[in-house]
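Listed here are the chains, written in short residue letters.
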Amino acid sequence: MPLFYFQHDLTWLTNTAVWLKGPIERGLNLVMDMFVANFSWAFGAISWLLSWPLTELQGMLQWLPWSVTLVAFTLVGFAAAGCRLAIFTAASLFYMVATGYWQESMNTLALVGVAAPLAAGVGFGMGVLGYRSGVARRVLIICLDLMQTVPAFSYLVPLLLLFGFGPVVGLIASAIYACPPMVRNVMHGLASVPSALVESGEMSGATRWQSFWWVRVPAALPQIMVGVNQTIMATLSMVIIASVIGGFNDIGWEVLSTMRKAQFGQSLMSGMVIALMAMILDRISAGFASHVRSTVNTPTVSRSNALAASALLLLALFAASMLFPAMRQWPSEWRVYPAAQINDFLSYTVSRYGWVFAEIKQIVNFCILLPLKIGWLRLFDATGYTISPVNQAAYWVAVLCAMLLASFAWKGRGAVLVALVAAACFFGLTNIPWPVLFMVVGVAAWQAGGVGTAGFSLAGMSFILMTGLWGPAMLSLYLCAAAVALSFVVGGALGALAASNDRFSAFIRPVNDTLQTIPQFVYLIPVIFLFQVGDFSALIAIVAFSIVPMIRYTEHGIRSIDHEISEAAIGMGCSTLQKRFQIDLPIASPAIMLGLNQTIMYALSMLVIAALVGTRDLGQSVYIALTNADTGAALTTGFSIAIIGMVADRIIQAWAKKRQRQLGLQEIRSA
Amino acid sequence: MFSALRLSAVTIALSLVGTLAMPPAYGASIPETKEPIKLTLNEWTGQHVTTKIAGIILERMGYKVEYVTAGYLPQFTALSDGTADAALEIWLSNIGETWPKAKESGKVVEVGDLGLKAREGWLYPSYMKDICPGLPNWEALKSSACAQALATADTLPKGRILDYPPDWGSHSEAMIKGLDLQLQAVSAGSEGALVSELKAAAVKKTPIIAMFWSPHWLFNELDLEWVEMPKYEPACMDDPKWGPNPNEVGDCALPNSEIIKVAWSGMEKKWPAAYRFLQSYQMTDEEQIPMISAIDVNNLTLDEVAQAWVEKNKDTWQKWVDAAVK
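Basis of the calculations
- Residues numbered from 1 in each chain as written.
- Chains lettered and ligands numbered in written order.
- Predicted model: local features only at pLDDT ≥ 70, side-chain atom pairs only at ≥ 80, totals over all residues.
- Helix = DSSP H or I, 4+ residues; strand = E, 2+ residues; numbered from the N terminus.
- Buried ≥ 20, exposed ≤ 12 C-beta atoms within 10 Å, placed from the backbone.
- Contact = placed C-beta atoms within 7 Å.
- Domains from an automatic or database assignment.
- Nonpolar A, V, L, I, M, F, W, Y, C, P; charged D, E, K, R; others polar.
- Expected span 1.5 Å × (residues − 1).
- Bend = angle between axes of the 7 residues up to and from the residue.
- Axes fitted to C-alpha atoms, helices over the stretch in contact; angles between N-to-C directions.
- Parallel < 35°, antiparallel > 145°, perpendicular 65-115°, else oblique.
- Left-handed = near helix turned anticlockwise from the far one by under 90°.
- Core = buried A, V, L, I, M, F, W, Y, C linked by C-beta atoms within 7 Å.
- pLDDT = per-residue confidence, 0-100.

Trainee: Whenever I open this one, the environment of aspartate 85 of chain B confuses me. Can you help?
Mentor: Residue and element names in this part refer to chain B. When you line up the elements, aspartate 85 lands in the loop between helix 3 (75-80) and strand 3 (86-91). For aspartate 85, a count of 25 C-beta atoms within 10 Å translates into the label buried. When the C-alpha positions of aspartate 85 and serine 265 are compared, they lie 8.4 Å apart, and in sequence the two are 180 residues distant. Discounting chain neighbours no more than four positions away, the residues touching aspartate 85 are Ile37, Lys38, Leu39, Ala263, Trp264 and Met267.

Structure (structure tokens):
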């Protein structure tokens, strides 16, 4: 590896020249200024139009007594999925009442109530467009990827400039993030309607318009409803952006200001409101979606009776709440608010078991994080030891042995993988010269998906290189790589356990739901309490979020293995372990790979939030650009994060498809 | 149908005060327009106190006041088009280019110094004096035992100083270089991160030194002390020979950070008297700090605390009002 030894003379390899930083950022700023100067009236009009339903809905939700809203949602929950959901809904809404967060919760609900239909409506339109025209579809797919991976913080300034200060900006940011799943599902749903169905419609004389709206759309409805469900969830996960701007007194404001004060109890309790709201809306929309799928219609007579009875009940409640003020507004003396106890518990844990966490941190730092970041070589330099050539040689001999072992187990590719990991740990990811990384990624992309994927990857990496963000991007890569690896191992194990143990599966599901939907700002405080500011805390914060899809997809992948295959394996005398490692995991591997793909996306989306712990990576660059009101820098940084995500996504998707074809399995679609 | 019953969130939360006290004692010219003056409420208690007191006095002058919750940085968008009219506590130490750019656009104007004297520098929980004997004198940090105690995996073999978030601008690196210490600055990512770590360290009694600022409510909760350094003088930044280290500039404490009031550029025309009042409005550390602790530690409401100040300091603010309505 002579390249590494000449590194001091070839600093341009890691310290890249910044050829395009100036022009690209200045150009973006210029375009933005022109845009604002000429079109802000149009955006102002949109902003005015959207603020109208928002204030109306907010006014209504604030005006309704809590008891009426609570029962109304419970009834909807019952209609969607029966008794259990009704109980869960009632309990969750009661939580919002009892903790004294009702007003803020309803404001957040109003935001979601406008943003989700907006995203679903626009998404449907774009989906139809993409279904109709191949060109539109190609452009859309790139746009959708960007919308999902460019962090909202990096287009906050332009949005503020265009739409003006106010909750509408948060609304639009959520809608931008939430509409892609709708578009994807609409395109997929419309395209996969059996042509025989459409033809039979045309034979009976339907016009194009009729055959689209009366045949194709109803047939695609189950898939479209999946899109609606995912859009609602995505809206909720982004709705906190509205609070970063302020002006709406929603629950996210409480989360953010308590996080700023490092009040864990308070931020957890307010964050739970968003998590519960997300779970309720998820289950309700999923429930209605499955009604559509089953197409079993309940007799209309009993349905209208039920509706009438519900309306009567709500009216009666409304009347009662006029008599009893406690049913209208929860008295503040009755507020249940154990935030102080939660804080005490955290302090107690830290004072009592702090040393355990410190030890864990130390081990991970020295064995995984630091080698990955700066490499063994420099790590030992920094601590004052020098590694003798003999030790270096011993390291590479060990690596060679591992490569041999790997090549027996997984053929040549395993050996290459081991060599890459070993090299990364020796020299450090952040010191890898960019031509080497270009080569490695280029070859991997070419192997997985051919020339197109390789070209896309190299073009994307060139953008990062030339905008001068290579340094922070490598730090991001290192953090994400460590987080993804940890999520992959731990999440995969938990997912496999959940697949074979129903009780554990039932336990882990609400945990996953909470981790996924609670505003991620909430984890930061306990993480810092336990592990202090540093890369390790950022890592844990990222893993807490990105482990979720890994658990879910692994469980799903293993559980959906054909019974015949498992039985055949048992019949042939496989032991449990043999079955797991030689049958289950390989067959579930495409699904697991899609889980890995999502894990990477989640990890990247956490970068900006993990930067609040204290990092120096792209996430932090976004904040620096935001503080300097530099639209151009914020956008190029955002694009760089998106590019890392899209390159990883393209390579893994291509690999998973190839693998599925090899295994002769049906295509599994990623969410 | 709901528009008649509509209550905006901000109004519900804050209408409790607004309407109670309004003696329009200052002639027909005030208020100049019936529209409410919109003051921004940011994310921290000290700023709430500053804003609320100004709001109450404005109400006594006869104005209608509305409080808009707004993020510290996003509020500048609101201030440039009059969606919000004034922000009363802008710390020049952590605003980056946002304020200079807004000022340059001419849409947001400076209303003057608020009067708070923000002290910034390194501080430590009092038990650190056992770990680094010699504190509060900065020379205690020179000892290798002290640096060793502060060292972590990220900074080995140097000691670790917890620094401001990178987007606020770091001063610690320059101070370490100026004072020639065996330390390394590690950036916290946010105020929440800084406070969390200080709190956790105090619980565990682990070594820590952090860049921080006053006034801040954390001083009410933890026993924090400043590292004493040579007092700031402009010469310290220009002349290497100045100060304890003859080879470097920057071997001294930080100067006090400026805290200013800003307003939408159209405010002066729209409410001239209110604008003049805001120009003379002042708040000192000695006044603000006890009010912050009354709210954050003793759980009084913002409203009670602000009203109490207004009642008690009538002489002070009456002068500002008289000057404004003249």
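Still more ground to cover, so stick around.
Trainee: Explain the domain arrangement of chain B to me, please; I cannot follow it from the model alone.
Mentor: For an interface, size is often stated in terms of accessible area lost upon the parts coming together. Residue and element names in this part refer to chain B. If you check the domain split of chain B, you get domain 1 (7-115 + 258-325) and domain 2 (119-238). Taking only C-alpha atoms, the centre of domain 1 and the centre of domain 2 are 33 Å apart. Opposite the 12 residues of domain 1 that make contact, domain 2 presents 7 residues. Secondary-structure elements contributing two or more residues to the side of domain 1 that touches domain 2 are helix 2 (45-61) and helix 13 (285-296). With 6 residues, helix 13 is the single largest residue contributor to the side of domain 1 that touches domain 2. Partitioned by chemical class, the residues of the side of domain 1 that touches domain 2 number 3 nonpolar, 7 polar and 2 charged.

Trainee: Can you walk me through the domain arrangement of chain A in this structure?
Mentor: Residue and element names in this part refer to chain A. If you check the domain split of chain A, you get domain 1 (50-296) and domain 2 (441-671). For domain 1 versus domain 2, the distance between C-alpha centres works out to 24 Å. Contacts between the two partners involve 29 residues from domain 1, matched on the other side by 28 residues from domain 2. Of all the secondary-structure elements, those providing two or more residues to the side of domain 1 that touches domain 2 are helix 6 (134-149), helix 7 (156-163), helix 10 (208-238), helix 12 (251-260) and helix 13 (264-294). It is helix 13 that contributes the most residues to the side of domain 1 that touches domain 2, 9 residues altogether. Here the side of domain 1 that touches domain 2 is built from residues that sort into 21 nonpolar, 7 polar and 1 charged.

Trainee: Can you walk me through helix 17 (residues 434-466) of chain A in this structure?
Mentor: Along an α-helix, residues three or four apart share an orientation, since each turn contains 3.6 residues. Residues and elements named next belong to chain A. Here helix 17 contains 33 residues, and its C-alpha end-to-end distance of 11 Å is more than 12% below the 48 Å for a straight helix at 1.5 Å per residue. The largest bend in helix 17 comes to about 145°, at glycine 449. Residues of helix 17 that are buried include every one of Ala444, Ala445, Ala448, Gly449, Thr453, Ala454, Ser457, Gly460, Met461, Ile464 and Leu465, and no others. Lining the buried residues of helix 17 we find helix 18 (470-500) and helix 25 (631-663).

Trainee: When you look at the packing of helix 22 (residues 563-571) of chain A against helix 23 (residues 576-614) of chain A in this model, what are you seeing that I'm missing?
Mentor: Between two packed helices, what matters for the description is the angle formed by their axes and the separation of those axes. Residue and element names in this part refer to chain A. Look at helix 22 against helix 23: their axes get within 11 Å of each other, and the N-to-C directions meet at 160°. Overall, the two elements helix 22 and helix 23 adopt an arrangement that is roughly antiparallel. For the pair helix 22 and helix 23, the sense of crossing is right-handed. Packed against helix 22, whose contacting residues are Ile565, Ala569 and Ile570, the element helix 23 presents Lys579, Ile583 and Ile587 at the interface.

Trainee: How should I be thinking about the nonpolar core in this particular structure?
Mentor: Side chains of nonpolar character tend, in soluble globular proteins, to be buried together. Ala115, Leu524, Ala541 and Ile542 of chain A are the most contacted members of the largest nonpolar core, which totals 304 residues. It is helix 23 of chain A that contributes the most residues to this core, 20 residues altogether.

Trainee: Would you mind going over the confidence of the model for chain A with me for this structure?
Mentor: The predicted structure's coordinates, where accompanied by low pLDDT, should not be read in detail. Residue and element names in this part refer to chain A. Looking at chain A, the pLDDT average stands at 86 and 94% of residues meet or exceed 70. Averaged pLDDT values for the elements of chain A fall to 40 in helix 1 (residues 2-5) and rise to 95 in helix 4 (residues 83-98). Contacts from residues 1-10, a stretch scored under 50 in pLDDT, to residues over four places away or in other chains number 3 contacts.

Trainee: Would you mind showing me how to read helix 7 of chain A here?
Mentor: All names here are of chain A. Within helix 7, 8 of the 8 residues are buried, which leaves the element mostly enclosed by the surrounding structure. Within the sequence span of helix 7, burial applies to Leu156, Val157, Pro158, Leu159, Leu160, Leu161, Leu162 and Phe163. Just downstream of helix 7 lies glycine 164, where phi reads positive at about 80°.

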